[in-house]
Amino acid sequence: MADPPGCCSACATCLLCPYSCQWITAKKEKRKGLRTTKYDCSWFLFLFCVFLFTLVWLYFAIIILNDFHNFNEFIYRQSKLWLDWSLVLLIATAVLISYSSVLLVLALCLQLCGQPLKLHWVHKILLILTALVVAAAFTGLGIKWAEEWKSARISLQATGPFLHIGAVGGMTLLAWPLASFIYRTRNTGLRVFVLLVYCAAMIALYLAPLGITSPCIMEENQLPPKPALVGHRGAPMLAPENTLMSVRKAVDCDVQVFETDVMVSADGVPFLMHDEELTRTTNVQAVFPERAALNSTAFNWTDLQQLDAGTWFLERRPFPTVQSLSPDDRQEAAEQRIPSLEQALEAVKHSNLSIMFDLRPENHSDYQNFVNVTLGVILQSGIPLQQVLWLPDGFRDDVKQQAPGVQHIYGRKRVENEKEPVLHVNLPYQDMSSEEIRQYRQDNISVNLYVVNEPWLFSVLWCSGVSSVTTNACQVLKEMKRPIWLLPSSTYFMIWIVVDCVSFLIIIWAFVLMK
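Computed from a prediction, not measured in an experiment: that's the story for all the values here.

## Some details on the packing of helix α3 (residues 38-63) against helix α5 (residues 85-112)
Packing of α3 against α5 brings their axes to within 9 Å, and their N-to-C directions diverge by 150 degrees. Considered as vectors, α3 and α5 are oriented roughly antiparallel to each other. Pair α3 / α5 crosses with left-handed handedness. Facing α3, whose interface residues are Phe-44, Leu-47, Phe-48, Val-50, Phe-51, Thr-54, Leu-55, Trp-57, Leu-58 and Ala-61, α5 presents Leu-89, Thr-93, Leu-96, Ile-97, Ser-100, Ser-101, Leu-103, Leu-104, Ala-107 and Leu-108. Residue composition of the contact of α3 with α5, by class: 16 nonpolar, 4 polar and no charged.

Spelled out as structure tokens, the structure:
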């Protein structure tokens, strides 16, 4: 195989060294008669597949960051070890994609220089390990976190147009090494096969926008109002969750609803707490070490008031934003205690917020008494009942009788022939399509979706017409004045045609130039 003009011996050696682990010049290779065999081509194909595999996993890793705090909480409940596993995920993914990308670039450059693709055995082993690690990651995702497949499908509505442009660009760049391979190979069958596969892939990419749909492909005047923000346990990126400081920070973020979780102490005092155990968000292990594993409802209110509900937030840093807190905020966070429902109602009443809550645990033997005690506190607080959004399904009819002004939020979709119309639904964002959101909006049904932290996801739901979203990142979504991108269909059509035409011309130029 003759070297093309401009490929010097030094360049060939520099490329061969990291790819083949050999300091061999092009002339020496000619003397030894080294050529790229079918076996070498199969390893190049495997390298290309591994690169695509890790690239897809990188995309998934970025998408699931929206929900990764839930994963961190899950790991903590299993192991009692707190760590931001998203950093581990991103670092490991970056290493894998960087390794496969460098090898692929080296292989393509070697092909352009007419050098043999003799992949070293160490790289072969590492590529197999990379493929196995990524396959294990996808398997674990499918078994333990299957709803993230729905998240990936939703993400395509936000990224589809840009993924199309990127894919067309990447495949267009492959025209140079592909043309070099086709002109050099002596196997006519292989040459025709590779060319047909490439042409089929390009045609599929050129026509891909026919299958790309996104709610953000619309005219500016069709954009629905910005969704209202519901603070998930307050503003948990800026203050310890389910504390009065978190309520105050949520007010600063223009949140309209404070979402929380209520439990009832052993002596009948409703208080704010998400986990059934107190270990994650308090210092119960230091104050009551022998009772730390007990359910939160096993403690009386006097015991609960002794617990520190803020220091954990500064020590474990559940979100990166903790590092940027001011000294005054750090001091306030360290002084937080578990608030009672009465204190929380007083705070939201003065802030003109609504409050939405779950009453836990639903399977408790005394749950009906929990409902009655909680309703009693609400009625005595003097808060306007329309500011109370009731989530629990248990004994809902009793709640409607005792407090008819309370707004009822349902954690399910509407069904046919219901006795009473469903006016408000609260669902995971994966459970409703854009079409369903639009239909509910037309039928005047309020839709709140949770938990939405990333701007790309907020943008898709905004364009779909969702009424509100529950979020940890109220300080981020507050600053968004419009979706990340919004394209009229005519503009997107023009971009599609221009990208495809430019790509086609570059490919033709590459084949002519390489010949």
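Picking up after the structure, the text goes on.
## A look at unusual backbone geometry
Cis geometry marks the peptide bond from Arg-360 to Pro-361; its omega dihedral reads -10 degrees. Checked against the element boundaries, Pro-361 lands in the loop between β4 (354-359) and α16 (367-381). That bond from Tyr-450 to Val-451 is cis: its omega, -20 degrees, falls within 30 degrees of zero. Within the secondary structure, Val-451 is located in the loop between β8 (446-450) and α19 (455-464). Not every positive phi belongs to a glycine, and Lys-80 is a case in point at roughly 60 degrees. Among the secondary structure elements, Lys-80 is positioned in the loop between α4 (68-79) and α5. At Arg-233, a residue that is not glycine, the phi angle is positive and equals roughly 60 degrees. Relative to the helices and strands, Arg-233 resides in the loop between β1 (228-232) and α10 (244-252).

## Some remarks on the confidence of the model for the protein
Detailed reading of the predicted model is not advised wherever pLDDT is low. Residues at a pLDDT of 70 or more form 95% of the protein, whose mean pLDDT is 92. Throughout residues 1-6 the model reports pLDDT below 50, and contacts reaching past four residues in sequence, or to other chains, amount to 16 contacts. Taken together, the stretch residues 25-33 has pLDDT below 50 and engages in 13 contacts with residues farther than four places along the chain or on a different chain.

## Re the UniProt feature "domain: GP-PDE" (unreviewed entry) in the protein
Those places that UniProt annotates as "domain: GP-PDE" (unreviewed entry) correspond, in this numbering, to residues 227-481. Counting secondary structure, residues 227-481 comes out at 35% helix and 16% strand; the distance between its end C-alpha atoms is 11 Å.

## Structural notes on the nonpolar core
Ranked by size, the top nonpolar core spans 37 residues in total, and within it Tyr-19, Leu-47, Tyr-198, Met-202, Ile-507 and Phe-511 carry the most contacts. Elements represented by at least two residues in this core include exactly α1 (9-20), α3, α5, α6 (121-144), α7 (147-173), α8 (175-184), α9 (188-207) and α21 (489-514). Each of domain 1 (8-145) and domain 2 (149-214 + 487-514) accounts for three or more of the residues forming this core. With residues up to four places along the chain from it excluded, the contact list for Tyr-19 reads Leu-47, Leu-103, Leu-106, Ala-107, Leu-110, Leu-117, Lys-118, Leu-119, His-120 and His-123.

## Focus: the state of the cysteines
Tallied over the full model, the rule gives 1 disulfide. Two residues, Cys-216 and Cys-463, share a disulfide whose sulfurs are 2.2 Å apart. Disulfide Cys-216 to Cys-463: torsion about the S-S bond roughly 100 degrees, handedness right-handed. Of this pair, Cys-216 sits in the loop between α9 and β1 while Cys-463 sits in helix α19, and the two are 247 residues apart along the sequence. Taking relative accessible area as the criterion, Cys-463 reaches 1% and is therefore assigned buried.

## Comments concerning the pairing of strand β2 (residues 257-264)
When you tally the buried positions in β2, you get 8 out of 8 residues, the bulk of the element. Neither face of β2 is open: one carries Val-257, Glu-259, Asp-261 and Met-263, the other Phe-258, Thr-260, Val-262 and Val-264, and all of them are buried. One ladder, built from 3 bridges, connects β1 with β2; its direction is parallel. By the bridge assignment, His-232 is partnered in β2 with Glu-259.

## What about the domain arrangement of the protein?
Split by domain assignment, the protein resolves into domain 1 (8-145), domain 2 (149-214 + 487-514) and domain 3 (228-274 + 314-478). Taking only C-alpha atoms into account, the centre of domain 1 sits 22 Å from that of domain 2. On the side of domain 2, 16 residues touch domain 1, which itself brings 16 residues to the contact. Taken together, the connections running from domain 1 to domain 2 amount to 0 salt bridges.

## Considering the environment of Asn-363
Checked against the element boundaries, Asn-363 lands in the loop between β4 and α16. Sequence separation of Asn-363 and Val-251 is 112 residues, and the distance between their C-alpha atoms is 33 Å.

## Digging into the packing of aromatic side chains
Pairs of aromatic rings are described using the distance from one ring centre to the other and the angle between the two planes. Tallied over the full model, the rule gives 19 aromatic pairs. Ring geometry for Trp-57 against Phe-138: centres 5.0 Å apart, planes inclined by 80 degrees, an arrangement best described as edge-to-face. Here the residue Trp-57 occupies a position in helix α3, and Phe-138 occupies one in helix α6, the gap between them amounting to 81 residues. Pair check on accessibility: Trp-57 and Phe-138 agree, each one buried. Seen from their ring centres, Phe-60 and Trp-149 are 5.1 Å apart, and the 70 degrees between their planes marks the pair as edge-to-face. Here Phe-60, found in helix α3, pairs with Trp-149, found in helix α7; they are 89 residues apart in sequence, far enough to count as distant. Phe-60 sits in the buried class, given a relative accessible area of 8%. Here the aromatic cluster, defined as three or more aromatic residues joined through ring pairs, consists of Phe-53, Trp-57, Phe-60, Phe-138 and Trp-149. The residue whose ring lies beneath Arg-291 is Phe-288, and the NZ or CZ to ring-centre distance is 5.1 Å.

## Topic: the environment of Trp-85
One can find Trp-85 in helix α5. Taking the C-alpha atoms as reference points, Trp-85 and Phe-71, 14 residues apart in sequence, are found 8.1 Å from one another. When neighbours within four sequence positions are excluded, Trp-85 is seen to be in contact with Phe-68, Phe-71, Asn-72 and Ile-75.

## Details of a nonpolar patch on the surface
On the surface, Trp-121, Val-122, Ile-125, Leu-126, Ile-128, Leu-129 and Leu-132 cluster together to form a nonpolar patch covering roughly 650 Å² of accessible area. Examined against the element boundaries, Leu-129 turns out to sit in helix α6. Judged by its relative accessible area of 44%, Leu-129 is partly exposed.

About the thresholds
- Residues numbered from 1 in each chain as written.
- Predicted model: local features only at pLDDT ≥ 70, side-chain atom pairs only at ≥ 80, totals over all residues.
- Heavy atoms only, no water.
- Axes fitted to C-alpha atoms, helices over the stretch in contact; angles between N-to-C directions.
- Helix = DSSP H or I, 4+ residues; strand = E, 2+ residues; numbered from the N terminus.
- Parallel < 35°, antiparallel > 145°, perpendicular 65-115°, else oblique.
- Left-handed = near helix turned anticlockwise from the far one by under 90°.
- Contact = heavy atoms within 4.5 Å.
- Nonpolar A, V, L, I, M, F, W, Y, C, P; charged D, E, K, R; others polar.
- pLDDT = per-residue confidence, 0-100.
- UniProt positions renumbered as here; feature names shortened; annotations may be inferred.
- Core = buried A, V, L, I, M, F, W, Y, C linked by side-chain atoms within 4.5 Å.
- Buried < 20%, exposed > 50% of the residue type's maximum accessible area, 1.4 Å probe, protein only.
- Domains from an automatic or database assignment.
- Disulfide = S-S within 2.5 Å.
- Pairing = 2+ DSSP bridges.
- Salt bridge = Lys/Arg side-chain N within 4 Å of Asp/Glu carboxyl O.
- Phe/Tyr/Trp six-rings, centres within 6.5 Å; stacked < 30°, edge-to-face > 60°.
- Lys NZ or Arg CZ within 6 Å of the ring centre and 35° of its normal.
- Patch = residues over 30% accessible without salt bridge, like charges linked within 9 Å, V, L, I, M, F, W, Y side chains within 5 Å.
- Areas by Shrake-Rupley, 256 points an atom, 1.4 Å probe, with all protein chains shown as cover.

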